[in-house]
Amino acid sequence: MAVTVRPKLDAQKQRADFPIFEQLIHGKPLSFLDSAASSQKPRQVLDAMQRFYETSYANVHRGVYELAERATAGYEGARETVGRFLNAPSPREVVFTRNATEAINLVAYAWGLNNLGPGDLVLVTELEHHSNFVPWQYVARRTGADFRMLPLDDEGQLRLDALDELAGSSRVKVVAAGMVSNSLGSVNPVEKLSAWAHDRGAIMVCDAAQGAPHRVVDVQALGADFVAVTAHKLCGPSGIGALWGRMELLEEMEPFNLGGHMISRVTVEDTSWGEVPAKFEAGTQAIAEAVGFGAAVDYITEIGLDAIEQHEHELAAYALDRLAELPWVKTYGPPAKHRAGIVSFNVENIHPHDVAQILDGEGVAIRAGHHCCQPLMTKLGVAATNRASFYLYTVTDEIDRLVAGLHKVRKILS
Ligand SMILES: Cc1ncc(COP(=O)(O)O)c(C=O)c1O
C-alpha cells in the first residue's frame with residue numbers, strides 16, 4: 001500500500017507569508033509567542049479580504065444584482081469551506097457567529113433555557129476557558145439546574161474516572177468541554193466525554209476554539225452535538241467564528257438574536273423563523289470576514305493540520321526542555337506529547353506582568369494573566385501565569401530569545 005508522507009512544516013518558509021514579521025519591535029525582531037490569544041494573518045488571507053472588498057462587496061442574500069450575487073457566493077462559499085474543514089455532514093449545520101464565545105452563548109441560551117430545569121445537571125471542566133464556563137453557570141442558575149466541574153489530576157489531565165461519582169444520580173443534560181486547554185495546552189479526550197454524555201442522555205458541547213488551529217477537528221469523529229470555533233486563532237480575521245450543530249437540534253431550537261434575515265414571515269400577530277442557518281444569523285453578518293475565514297481555512301489546510309500539530313509538539317518539547325534548564329522557572333501542565341504548542345510557567349518570586357513587560361523590551365511577546373481560566377488558576381494555586389504559545393510560523397530561535405529574556409528578567413528583578 002502506498003503511504004503518503006507529508007513534508008515537515010517549514011516554519012521559516014511559512015513566516016515569509018506574514019507581513020507582521022517584517023518590522024522591528026523596540027528595535028528587535030519580533031518573537032511572537034502569543035498565538036493562543038490570537039494568531040497573526042498571512043498575506044493570502046489579507047489579500048482575499050481586500051480583493052473581496054475591491055471587487056465583490058455588497059450585502060448578502062438580499063440583492064438580485066451582480067455584486068450582491070458575488071458577495072452571497074463568497075459568504076456561502078466560506079460556509080461550505082468551514083463545513084468541509086469540520087467534516088460537517090452539511091454546510092447548513094454551520095452557523096456563522098461573531099466568535100467562539102457567541103457560538104457557545106447561542107447554545108447556552110437557545111438550547112439551555114428551554115431544556116434545563118431543577119434536577120438537571122450541567123457539567124463543565126476545571127480547565128475550561130470562561131467562554132465555556134460562565135454561560136453554562138449563568139444558564140444553570142437561571143433554570144435551577146445544578147452546575148458542577150470535572151476536576152483535573154496533578155498533570156492537568158481531566159479525571160474521567162471521577163465522572164460517574166460526580167454525576168451521581170443526577171439527570172446529566174449538558175457536558176461542556178474544550179478540545180485543547182488555552183492555558184495548559186492539554187488535549188482533552190472529547191470523544192470519550194461525548195460517549196459518556198450520550199450514555200447519560202446529555203448533549204456534548206465542545207469548545208474547539210483552541211483545537212481547530214492546531215489539530216484536525218472532525219465533528220463526526222468527536223461525536224459532539226455542538227462545536228464552537230473562532231477564525232482569529234487560525235490565521236483568519238477577528239469578528240467571525242462558527243457554531244456547528246446537529247441539524248435536528250438546530251431545527252428544534254429557538255433563535256438567539258431576532259431581527260432581519262432570520263424570519264420566514266412577520267405580521268403584527270406573530271413571526272415565524274427562517275430555515276437553519278438563517279434562523280441564527282440575524283442582521284448583517286461579518287461578510288468580508290467570512291471570506292477571510294474561508295481563506296484562512298484554505299491556508300492552514302494546504303499546510304496540513306497534521307504537520308501543524310507535529311510542529312507544535314516539537315516546539316512544546318523544545319520549550320519545556322529549555323525552561324527546565326532554569327531551576328527558578330516552574331512550568332504547568334502535561335508532558336509535550338499530550339499538549340498543543342502552549343506552555344504556561346511562572347518565574348520564582350516575580351509577578352507574571354513584570355516578566356512579560358521586560359520581555360516586551362526584548363521584542364518577545366508573551367501573555368501574562370489568568371487566561372480567562374480563573375477556576376484553573378485556583379486549582380494551580382496561583383493568581384496568574386506567563387504563557388508562551390506557538391503556531392505554524394514559530395521558530396525555535398524565538399524560544400531561545402524567550403529563555404535569554406528570562407535570564408534578563410531575573411537579573412533585573414531578583
Ligand atoms: C479555549 C478557548 N475557548 C474560547 C475562547 C474564546 O474565543 P473568542 O474570544 O474568539 O470567542 C478562547 C480564546 O482565548 C479560548 O482559548
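Since the structure is predicted, the reported quantities are computational estimates derived from the model, not experimental observations.

Structural notes on the domain arrangement of the protein chain
Step number 1: You can read the domains of the protein chain as domain 1 (11–37 + 304–413) and domain 2 (48–302).
Step number 2: Placing a centre on the C-alpha atoms of domain 1 and another on those of domain 2 gives a separation of 28 Å.
Step number 3: The interface of domain 1 with domain 2 comprises 24 residues on the first partner and 24 residues on the second.
Step number 4: Among the secondary structure elements, those contributing two or more residues to the side of domain 1 that touches domain 2 are helix 11 (305–324), strand 14 (342–347) and helix 13 (374–380).
Step number 5: Here the side of domain 1 that touches domain 2 takes five residues from helix 11, the largest share from any one element.
Step number 6: Split into classes, the residues belonging to the side of domain 1 that touches domain 2 amount to 14 nonpolar, five polar and five charged.

A few points about the site of the ligand
Step number 1: By nearness alone, 14 residues border the ligand, and N99, T101, H129, N182 and T230 come closest of all.
Step number 2: In the shell around the ligand, the residues fall into two nonpolar, 11 polar and one charged.

Some remarks on unusual backbone geometry
Step number 1: Residue P277 is bonded to the preceding V276 through a cis peptide linkage, with omega at 5 degrees.
Step number 2: Tracing the backbone through its elements, the reader meets P277 in the loop between strand 12 (271–273) and helix 10 (287–303).
Step number 3: You will see that N349, though not glycine, has its phi angle at about 65 degrees, which is positive.
Step number 4: Inspection of the secondary structure puts N349 in the loop between strand 14 and helix 12 (352–361).
Step number 5: The backbone phi angle of C372 is positive, close to 55 degrees, even though this residue is not glycine.
Step number 6: Secondary-structure assignment places C372 in the loop between strand 16 (367–369) and helix 13.

What to know about the nonpolar core
Step number 1: Ranked by size, the top nonpolar core spans 126 residues in total, and within it V175, V205, C206, V227, A228 and A296 carry the most contacts.
Step number 2: Broken down by element, this core gets its largest block of residues, 11 residues, from helix 10.
Step number 3: Viewed by domain, this core spans two of them, domain 1 (11–37 + 304–413) and domain 2 (48–302), each represented by three or more residues.
Step number 4: Dropping the residues within four chain positions of it, V227 is found in contact with L86, C206, A208, V217, V219, L222 and W244.

Comments concerning the pairing of strand 14
Step number 1: Among the six residues that make up strand 14, six are buried, leaving the element largely enclosed by the rest of the structure.
Step number 2: Neither face of strand 14 is left uncovered, since the one carrying I342, S344 and N346 and the one carrying V343, F345 and V347 both have all their residues buried.
Step number 3: Taken together, the four bridges between strand 13 (residues 329–332) and strand 14 define a ladder with antiparallel strand orientation. Across the sheet, the residue bridging to V329 is V347, located in strand 14.
Step number 4: Looking at chain direction, strand 14 and strand 17 (residues 385–389) are connected through four bridges and run antiparallel. When the sheet's bridge partners are listed, F345 is paired in strand 17 with N386.

The rules behind these values
- Residues numbered from 1 in each chain as written.
- Predicted model: local features only at pLDDT ≥ 70, side-chain atom pairs only at ≥ 80, totals over all residues.
- Domains from an automatic or database assignment.
- Contact = placed C-beta atoms within 7 Å.
- Helix = DSSP H or I, 4+ residues; strand = E, 2+ residues; numbered from the N terminus.
- Nonpolar A, V, L, I, M, F, W, Y, C, P; charged D, E, K, R; others polar.
- Near = placed C-beta within 6 Å.
- Core = buried A, V, L, I, M, F, W, Y, C linked by C-beta atoms within 7 Å.
- Buried ≥ 20, exposed ≤ 12 C-beta atoms within 10 Å, placed from the backbone.
- Pairing = 2+ DSSP bridges.

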